[in-house]
Each structure stands twice: as C-alpha cells, then as structure tokens.
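Spelled out from the first residue to the last, the chains are:
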Amino acid sequence: MFKKNKAKVTELTAPDAPKKGCCLSKMCCSAKPQTKEAIMGGLTFLSMFGPKKLRPHLQHLLAVIAIVTFVIKAIKPKREEKTN
C-alpha cells in the first residue's frame, strides 16, 4: 500500500580516522537528549503528586535547577563573544 523509502547510509567520519571517545567526567555524552526531559518531567510530577514529605524538597530542587540553567544560558553567550 505504501512505499518504504530507505535512506542511504552515510558515514559522518572518514573510515580510517580513529573515533574520539567521550570523557568519563561528562555524563551528557552518554545520555540521550530525551533523558533530561524525562527526568525533569518525573521531578515535576513528583513535586505535584508525590508524597507530602517529599514535595517541598522536589519543588526546591526544580527551582534551583531553573535558576542555574538560566544563569548558565545568560553567561554562555558572553563567553563566546569574548573568545572571538
């Protein structure tokens, strides 16, 4: 009924070039992009519907994450302008 178009497989690096490994200290390299969203969604759900003793702590954690993310995004463009 429908045609299945198969995409051609291409290599992003040269076949002879050695592959670069990820630094062990950077956890973001090994995690998929959806992992961060899933964790934040889970924390948000628990901060609204979780155990009553745990809710304030999770709300505080989410607030801290939001502030740190905002500060990092505000500082990052300034660092790029200085290096250029």
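About the thresholds
Note that residues are indexed from 1 along each chain, following the sequence as it is written. Where local features are concerned, this predicted model is filtered to residues with pLDDT of at least 70; where side-chain atom pairs are given and counted, the filter is 80 or more; whole-chain, interface and lining totals use all residues. Excluding hydrogens and water, the side-chain figures rest on all heavy atoms present in the structure. Every helix listed is a DSSP run of H or I at least four residues long, and every strand listed is a run of E at least two residues long, numbered separately from the N terminus. The rule is simple: take the accessible area with a 1.4 Å probe, protein chains only, and divide by the maximum for that residue type; under 20% is buried, over 50% is exposed, in between is partly exposed. Values of accessible area rely on a 1.4 Å probe in the Shrake-Rupley scheme; residue burial ignores everything except the protein chains shown. Here the aromatic set is Phe, Tyr and Trp, taking the six-membered ring for Trp, and pairing holds for ring centres within 6.5 Å; pairs whose planes are under 30 degrees apart are stacked, those over 60 apart are edge-to-face, and all others are tilted. Whether two residues are in contact is decided by their heavy atoms: any pair within 4.5 Å suffices.

Draft legend 1. The overall build of the protein, seen in detail. Summing up its helical and strand segments, the protein has 2 helices and 0 strands in all. When the 84 residues of the protein are sorted by exposure, 6% land in the buried category. Counting every atom, the protein has about 8,700 Å² of accessible surface; 65% of that belongs to carbon and sulfur.

Draft legend 2. Molecular detail of the packing of aromatic side chains. The final tally for this structure, using the stated rule, is 1 aromatic pair. For the ring pair F45 and F49, a centre distance of 5.3 Å and an interplane angle of 50° mean the geometry is tilted. Linking F45 with F49, this pair stays in helix α1 (residues 33-49), spanning 4 residues, or about one helical turn. By relative accessible area, which is 57% here, F49 ends up exposed.

Draft legend 3. Representation of the side chain of S47. Assignment of secondary structure puts S47 in helix α1. Classification of S47 by relative accessible area gives buried; the value is 7%. Apart from residues no more than four positions distant in its own chain, S47 is found in contact with R55, L58, Q59 and L62.

Draft legend 4. Region of interest: the environment of H57. Position of H57 among the secondary structure elements: in helix α2 (residues 55-83). Judged by its relative accessible area of 56%, H57 falls in the exposed class.

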